Amino acid sequence: TSPFIFNNLQTKNIKKEKPPSSDELVACRPGVIKFIDYEPGQTYSSQLSIVNTGGCFASFRFGKFEESRYDLFNLEFKQTGRLAAGLSVPFKLKFFPNSRENFETFLTLHLKHRVIRIPIVCKYIMSDIEIKTREVDFKKTIQGEQNTQIVDIFNRGGKPTKVFIKDEAGQFLLKNVKFYRNIIDRMNASRSN
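Here is what the cut-offs are and how they apply
Numbers given to residues run from 1 along each chain, matching the order in which its sequence is written. Predicted model: local features are reported for residues with pLDDT of at least 70 only, side-chain atom pairs are reported and counted for 80 or more only, and whole-chain, interface and lining totals are derived from all residues. Neither water nor hydrogens contribute to the side-chain values; these are computed over all heavy atoms in the structure. Exposure above 30% relative accessible area and no salt bridge define the residues that can form patches, which grow by joining like charges within 9 Å and nonpolar side chains of Val, Leu, Ile, Met, Phe, Trp and Tyr within 5 Å. In this description, accessible areas are obtained by the Shrake-Rupley approach with a 1.4 Å probe, and a residue is regarded as covered only by the protein chains that are shown. Every case where a carboxyl oxygen of Asp or Glu lies within 4 Å of a side-chain nitrogen of Lys or Arg is listed as a salt bridge. Secondary structure elements are taken from DSSP: a helix is a run of H or I of four residues or more, a strand is a run of E of two residues or more, and numbering for both begins at the N terminus. Buried, partly exposed and exposed residues are distinguished by accessible area as a fraction of the type maximum, computed with a 1.4 Å probe on protein chains only: under 20%, between the cut-offs, and over 50%, respectively. The charge count treats Lys and Arg as positive and Asp and Glu as negative. His and the chain ends do not count. Note that the charge is assigned to NZ on lysines, CZ on arginines, CG on aspartates and CD on glutamates. Note on pairing: DSSP must find at least two bridges between two strands before they are called paired. Angles here are taken between N-to-C directions and fall from 0 to 180 degrees, while the axes themselves are lines fitted to C-alpha atoms, restricted in helices to the stretch in contact. In plain words, nonpolar cores are sets of buried Ala, Val, Leu, Ile, Met, Phe, Trp, Tyr and Cys residues tied together by side-chain atoms within 4.5 Å. Contacts are residue-level and defined by heavy atoms, with any inter-residue pair within 4.5 Å sufficient.

Asker: Would you explain a nonpolar patch on the surface in this entry?
Answerer: Residues Ile129, Val136, Phe138, Val151, Ile153 and Val163 make up a contiguous nonpolar surface patch of roughly 430 Å² in combined accessible area. With respect to the helices and strands, the residue Ile129 is situated in strand 11 (residues 129-131). Take Ile129: its relative accessible area is 38%, and that puts it in the partly exposed class.

Right, here's the structure in full:
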């Protein structure tokens, strides 16, 4: 082909958009924002950071919260422009709960070529009772003697609660609570010695 035809085939001044680079990576530390054991009417805050984990400069901006959750959060962040590789920038997220509900939402982080969702997990304060053994077997006990079995009851939640024990007939053992408490206290004292 002649040079004239070859020159006409070349395209000039066409901007090619840069494909998303695997080096443009940022992450939130910690990766999941948690507000655990919250109480309505209180204010909670979490200090977090955005880290550039890629190999080049990264620029980002925070997006809006979900419409149904936007009044529960406040983001405190000073815009820094571009973030160099390996560096981080702090931000603070405040949480203003107004009801008792467990929910999950997200905070959006907009990069040049994609959007990242940072999960937010919110759990209100409650009791979470766990009993490892549901049935207590006293085995053969002679009438008039005493037999003691240990039952581990855990409260995994943040809210204190009372625990009542029922017998097989469904009757509360309220009359014997002090008796059982004394046995348990004595057993705990002997274990510590």
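Asker: I keep staring at a negative patch on the surface and nothing clicks. Help me out?
Answerer: Residues Glu135, Asp137, Asp167 and Glu168 make up a contiguous surface patch of negative charge. The topology assignment puts Glu135 in the loop between strand 11 and strand 12 (153-155).

Asker: I would appreciate a short explanation of the sheet that holds strand 8 (residues 88-95) in the present structure.
Answerer: Two pairing modes exist for strands in a sheet, parallel and antiparallel, and in both the strands are linked by backbone hydrogen bonds. Overall, antiparallel pairing links the four strands, which are arranged 1-3-8-6 in an open sheet. Among the strands making up the open sheet, the edge pair consists of strand 1 (26-29) and strand 6 (73-76). Neighbour to neighbour, the strand axes of the sheet diverge by 25 degrees on average, direction disregarded. Of the pairings in the sheet, the one linking strand 3 (residues 44-52) to strand 8 comprises eight bridges and is antiparallel in character. Following the sheet pairing, Ile50 is matched in strand 8 by Val89.

Asker: Just checking my understanding: could you explain the nonpolar core for this structure?
Answerer: Soluble globular proteins tend to bury their nonpolar side chains together. With 26 residues, the main nonpolar core has Ile50, Phe73, Leu109 and Ile120 as its most contacted residues. For this core, the secondary structure elements donating two or more residues are strand 1, strand 2 (33-38), strand 3, strand 8, strand 9 (103-110) and strand 10 (115-124). The residues contacting Leu109, other than those within four sequence positions of it, are Val26, Ile50, Phe60, Arg61, Phe62, Arg114, Val115, Ile116 and Ile118.

Asker: Looking at this structure, I do not really get the sheet that holds strand 9. What am I missing?
Answerer: In spatial order, the strands read 2-10-9-5; together these four strands make up an open sheet with mixed pairing. The sheet terminates laterally at strand 2 and strand 5 (61-62), the two strands that pair on one side only. Inspection of the sheet shows strand 5 paired to strand 9 by two bridges, in the antiparallel sense. What sits directly across from Phe62, in strand 9, is Leu109.

Asker: Which parts of the structure should I look at to understand the pattern of salt bridges?
Answerer: A side chain of one charge can pair with a side chain of the opposite charge when the charged atoms of the two come close. Evaluated as defined, the whole model comprises three salt bridges. A salt bridge links Arg69 to Glu101, with the nearest nitrogen and oxygen atoms 3.1 Å apart. In this pair, Arg69 sits in the loop between strand 5 and strand 6 while Glu101 sits in the loop between strand 8 and strand 9, placing the two residues 32 residues apart along the sequence. According to the relative accessible area criterion, Arg69 is buried, its value standing at 15%. Among the residues examined, Glu101 registers a relative accessible area of 29% and is labelled partly exposed. Arg156 serves as the salt-bridge partner of Glu130, at 3.1 Å between the closest nitrogen and oxygen. Of this pair, Glu130 sits in strand 11 while Arg156 sits in the loop between strand 12 and helix 2 (177-192), and the two are 26 residues apart along the sequence.

Asker: I tried to follow the side chain of Thr108 on my own but got confused; where do I start?
Answerer: For Thr108, the position within the fold is in strand 9. In this structure Thr108 comes out as buried when scored by relative accessible area, which is 9%. If we skip the residues at most four places from it in the chain, Thr108 touches Arg61, Phe62, Gly63, Lys64, Val115, Ile116 and Arg117.

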